Amino acid sequence: MTLLMQVCTLVVNVLCLPLHLIHAVGLYKLYKHVMPVCLYRIAKVYNKKMHDKKKELFRSLAEFKPPGRQLTLLEIGCGTGTNFQYYPNGCKVICTDPNPQFQRYLTKGMEDNDHLTYDRFVVASGEDMGAVQDNSVDAVVCTLVLCSVDDVTQTLREVHRILRPGGAFFFMEHVVANPSTWSYFFQHVFQPVWYYFGDGCLVTRETWKNLEAAGFSELKLRHIEAPLMFMIRPHVVGYAVK
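All of these numbers come straight from a predicted model, not from anything done at the bench. (Residues numbered from 1 in each chain as written. Predicted model: local features only at pLDDT ≥ 70, side-chain atom pairs only at ≥ 80, totals over all residues. Heavy atoms only, no water.)

Draft legend 1. Geometry of the packing of helix H1 (residues 2–15) against helix H2 (residues 17–24). Packing of H1 against H2 brings their axes to within 4 Å, and their N-to-C directions diverge by 60 degrees. Here H1 is positioned oblique relative to H2, judged by the angle of their axes. Across the interface between the two elements, Asn13, Val14 and Leu15 from H1 touch Leu17, Pro18 and His20 from H2. Looking at side-chain class alone, the contact of H1 with H2 contains 4 nonpolar, 2 polar and no charged residues. (Axes fitted to C-alpha atoms, helices over the stretch in contact; angles between N-to-C directions. Helix = DSSP H or I, 4+ residues; strand = E, 2+ residues; numbered from the N terminus. Parallel < 35°, antiparallel > 145°, perpendicular 65-115°, else oblique. Contact = heavy atoms within 4.5 Å. Nonpolar A, V, L, I, M, F, W, Y, C, P; charged D, E, K, R; others polar.)

Here is the structure:
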């Protein structure tokens, strides 16, 4: 299957030559203006299918609220704010995203979730959140983001830096499938075209290995099969404590 996969991937790469060229000359950046509209619609479908999984995951957020203070939460790659409905009452939310075009959707998201306090929106990548102080937040949330950051290890270093001691990193990420499956085969074959239409998304990452090596004091991680299309069905879900 390996040889067949390599041949098929080569064919897809050849078909993607126009997209590679568009990316090389810098025109792909124009997609950043369209992506918020697309993601807004996609996120609604994802939330509907993953509602119970998200509700179960974020139920543990309240455990990390400091006594006598509100929970301060930072979300990496907040997108259109589809996670807001799952955050506990009174939670103060700091939003980060490298794409400033998402801010108008966040404003609407906060208006629809008035049980939260909106702190600020920071235009920043996951690898460089220097605008956020060390040990300053109780929880960090990241869903469907580690697939598209340039450097997963550096992003997790930043998470560790901004979390207070005892704080937690909550994640829900799709990952590469088992090598013995056809999902694994098609993930690799279609990765070249998926990258462009998924805003830099890589479906072939073994993200759980990065989480295991990130130096958290405790890691609660589960592999699940999400009720989604085969390309993004394998997920890892859980949280890690600093």
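Draft legend 2. Molecular detail of a nonpolar patch on the surface. A cluster of nonpolar residues, Leu3, Val7, Val11 and Leu15, forms a patch on the protein surface that exposes about 410 Å² of accessible area. Within the element layout of this structure, Leu15 appears in helix H1. Since its relative accessible area comes to 66%, Leu15 is described here as exposed. (Patch = residues over 30% accessible without salt bridge, like charges linked within 9 Å, V, L, I, M, F, W, Y side chains within 5 Å. Areas by Shrake-Rupley, 256 points an atom, 1.4 Å probe, with all protein chains shown as cover. Salt bridge = Lys/Arg side-chain N within 4 Å of Asp/Glu carboxyl O. Buried < 20%, exposed > 50% of the residue type's maximum accessible area, 1.4 Å probe, protein only.)

Draft legend 3. How the structure looks around H1. The first and last C-alpha atoms of H1 sit 20 Å apart over 14 residues, in line with the 20 Å expected at 1.5 Å per residue. Considered for burial, the residues of H1 that qualify are Met5, Thr9 and Val12. Along the axis of H1, the buried residues cluster in a sector spanning 60 degrees; they form a single face. What points out from H1, more than 90 degrees from its buried face, is the exposed set Leu3 and Leu10. Next to the buried residues of H1 lie helix H6 (182–197). (Expected span 1.5 Å × (residues − 1). Arc of directions from axis to C-beta.)

Draft legend 4. Seen up close, the pairing of strand S7 (residues 234–241). Among the 8 residues that make up S7, 8 are buried, leaving the element largely enclosed by the rest of the structure. With burial as the criterion, each face of S7 is covered, one bearing Pro234, Val236, Gly238 and Ala240 and the other bearing His235, Val237, Tyr239 and Val241. Summarising the sheet, strand S5 (residues 163–174) and S7 pair through 7 bridges and their orientation is antiparallel. Directly across from Glu173, in S7, lies its bridge partner Val236. Sheet topology note: the strand S6 (residues 218–225)/S7 ladder contains 8 bridges and is antiparallel. Residue Glu225 lies in a different strand from S7, and its bridge partner there is Pro234. (Pairing = 2+ DSSP bridges.)

Draft legend 5. Seen up close, the sheet that holds strand S1 (residues 72–76). What the 7 strands build is an open sheet, ordered S3-S2-S1-S4-S5-S7-S6; its pairing is mixed. Looking at strand neighbours, the two that pair on one side only are strand S3 (117–123) and S6, the edges of this open sheet. Here the average twist between neighbouring strands, direction ignored, is 15 degrees. Sheet contacts for helix H5 (residues 152–162): S1, strand S4 (137–143) and S5; angle to S5, the most-contacted strand, approximately 145 degrees.

Draft legend 6. Representation of the pattern of salt bridges within the structure. Taken as a whole and judged by the stated rule, the model has 8 salt bridges. Arg222 is the partner of Glu56 in a salt bridge, and the nearest nitrogen-oxygen pair spans 3.9 Å. Of this pair, Glu56 sits in helix H3 (residues 31–58) while Arg222 is found in strand S6, placing the two residues 166 residues apart along the sequence. Here Glu56 falls in the partly exposed class, since its relative accessible area comes to 40%. The partly exposed category is assigned to Arg222, whose relative accessible area is 39%. The partner of Arg161 in a salt bridge is Asp134, and the shortest N-O contact between them spans 2.6 Å.

Remember that the coordinates give geometry; whether it matters functionally is a separate question.
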